[in-house]
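Topology and contacts: notes
Below are the chains, spelled out letter by letter.
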Amino acid sequence: MNQQDQIKGAIYGLLIGDAVGVPYEFNLPNQLPEYSKIDMITPKGFGKTYSNIPFGTWSDDGAQALCLLDSLLYKNKLDAEDLMHRMCNWYQHGYMAVDYQVFDVGVQTAEAIRKYLQGVQLDQVAKNDEHSNGNGSLMRVLPLALWHQGTDEQLIQDAYAQSHITHAHLRSKVCCALYCLWVRSILNGLNINTGWEQAVAILREYYQDKPEDSEQLEFHIRPDEIGTHTGSGYVVDCLKSAKFALEQTTYQDVIKTAISLGRDTDTTACVAGGIAGLYYGFEAIPKVWTEQLRGKALVEPLLNTLLKHVSSSI
């Protein structure tokens, strides 16, 4: 498997994970179909969460990830203002949404976008209190790690910057940085668990003279512990739930396990699915899911440009 297969797997892995998870969102585990029946198309008798949204449609997770990817490819750097313009365009007009249809908008993200549209300065629009640690910046950050050619330190700083526009608390930023370093470690040939360990080690070294960042990592994220994995929208739980799902050995089982946790099913499956697609490659994603995914005409031009960008730097 070459790096291009991995990157294609990562982008489609994120979008398909999101799309498979959408119909099950907000259900508790005991309200979901049995594990074997979790699929892109829900079993008969199960009331899908968004009755008017066709199966195979990604939600805000996928749309915002594509906003970030398009911004990176257009500006050739992380440009927070450009990213926010694109997210406003998504929120108002359905840019990067399938059928231009916007649904399932995260509370923190919507609030930050509305403030920006009202003229509040970009670095002031996001809440930064401890209770404002939803998973909205984590769910979209994957393209940054795939695109990035800079040092680990620069990747960490860019992960922080992309989080800041909607999720400004340090904990959300550290989760985004850890996820990006995890992606980079896998791209560099490590497996899922060893890649996580290397990402943690890089962060620990970087945080040696940053006690506040280190405190978030060691006392709140606790990367050496399994911790809770309930599939909630809390950023740490989302990251840990994705890591738990990634103990499975196929892309399909990673997604089904992520969804079986209930609650924020689309985001858990999106965060886990990006890593699973990266590690197992595009060909490991069930073909029926790839075929059922809607909106591929939006994805392919961006993916081709990303693959050219990556191959030109090797």
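Residues numbered from 1 in each chain as written. Predicted model: local features only at pLDDT ≥ 70, side-chain atom pairs only at ≥ 80, totals over all residues. Heavy atoms only, no water.

Considerations on helix H4 (residues 107–117)
When we look at burial in H4, the residues that qualify are Gln-108, Thr-109, Ala-110, Ala-112, Ile-113 and Tyr-116. Immediately beyond the C-terminal end of H4, within one or two residues, lies Gly-119, with a positive phi of roughly 105°. (Buried < 20%, exposed > 50% of the residue type's maximum accessible area, 1.4 Å probe, protein only. Helix = DSSP H or I, 4+ residues; strand = E, 2+ residues; numbered from the N terminus.)

Looking at the environment of Ala-177
Among the structural elements, Ala-177 can be located in helix H7 (residues 170–187). Separated by 25 residues in sequence, Ala-177 and Asp-152 place their C-alpha atoms 9.4 Å apart. With residues up to four places along the chain from it excluded, the contact list for Ala-177 reads Ile-156, Ala-159, Tyr-160 and Leu-203. (Contact = heavy atoms within 4.5 Å.)

Things to note about helix H2 (residues 60–75)
If you check H2, its first and last C-alpha atoms are 22 Å apart, about what 16 residues at 1.5 Å a residue would give, namely 22 Å. Among the 16 residues in H2, 13 count as buried, and that is most of the element. Phi turns positive, to about 55°, at Asn-76, one or two residues after H2. (Expected span 1.5 Å × (residues − 1).)

Quick look at the state of the cysteines
For the coordinates displayed, the defined rule picks out 0 disulfides. Unpaired in terms of disulfides, Cys-175 finds its nearest cysteine sulfur in Cys-176, a separation of 7.1 Å. In this structure Cys-176 is a free cysteine whose sulfur lies 6.7 Å from that of Cys-180, the closest cysteine sulfur available. (Disulfide = S-S within 2.5 Å.)

Structural notes on the packing of H7 against helix H8 (residues 192–206)
Contact geometry of H7 with H8 gives a least axis separation of 8 Å together with a crossing angle of 130°. When the interaxial angle is binned, H7 and H8 end up oblique. Judged by the sense of rotation from one axis to the other, the crossing of H7 with H8 is right-handed. Residues Val-174, Ala-177, Leu-178, Leu-181, Trp-182, Ser-185 and Ile-186 of H7 pack against Ile-192, Gly-195, Trp-196, Gln-198, Ala-199, Val-200, Ile-202 and Leu-203 of H8. Looking at the contact of H7 with H8 residue by residue, the classes come out as 12 nonpolar, 3 polar and no charged. (Axes fitted to C-alpha atoms, helices over the stretch in contact; angles between N-to-C directions. Parallel < 35°, antiparallel > 145°, perpendicular 65-115°, else oblique. Left-handed = near helix turned anticlockwise from the far one by under 90°. Nonpolar A, V, L, I, M, F, W, Y, C, P; charged D, E, K, R; others polar.)

A short note on the layout of surface pockets
Summary: where empty space remains is shown by rolling a probe the size of a single water molecule over the atoms. By volume, the largest pocket amounts to about 310 Å³. Elements with a minimum of two residues in the lining of the largest pocket: H2, H4 and helix H12 (265–280). Broken down by class, the residue content of the lining of the largest pocket amounts to 4 nonpolar, 12 polar and 7 charged. The calculated volume of the second largest pocket comes to roughly 250 Å³. Around the second largest pocket sit 15 residues that line it, and Trp-196, Pro-223, Asp-224, Glu-225 and Lys-243 are the ones nearest its centre. Breaking the lining of the second largest pocket down by element, the ones donating at least two residues are H8 and helix H10 (235–245). Residue composition of the lining of the second largest pocket, grouped by class: 6 nonpolar, 2 polar and 7 charged. (1 Å grid on protein atoms, 1.4 Å probe; cavity = no way out; pocket = protein on both sides within 12 Å on 5 of 7 lines; lining within 4 Å. Points joined across faces, edges and corners; volume = space filled by probe spheres on them.)

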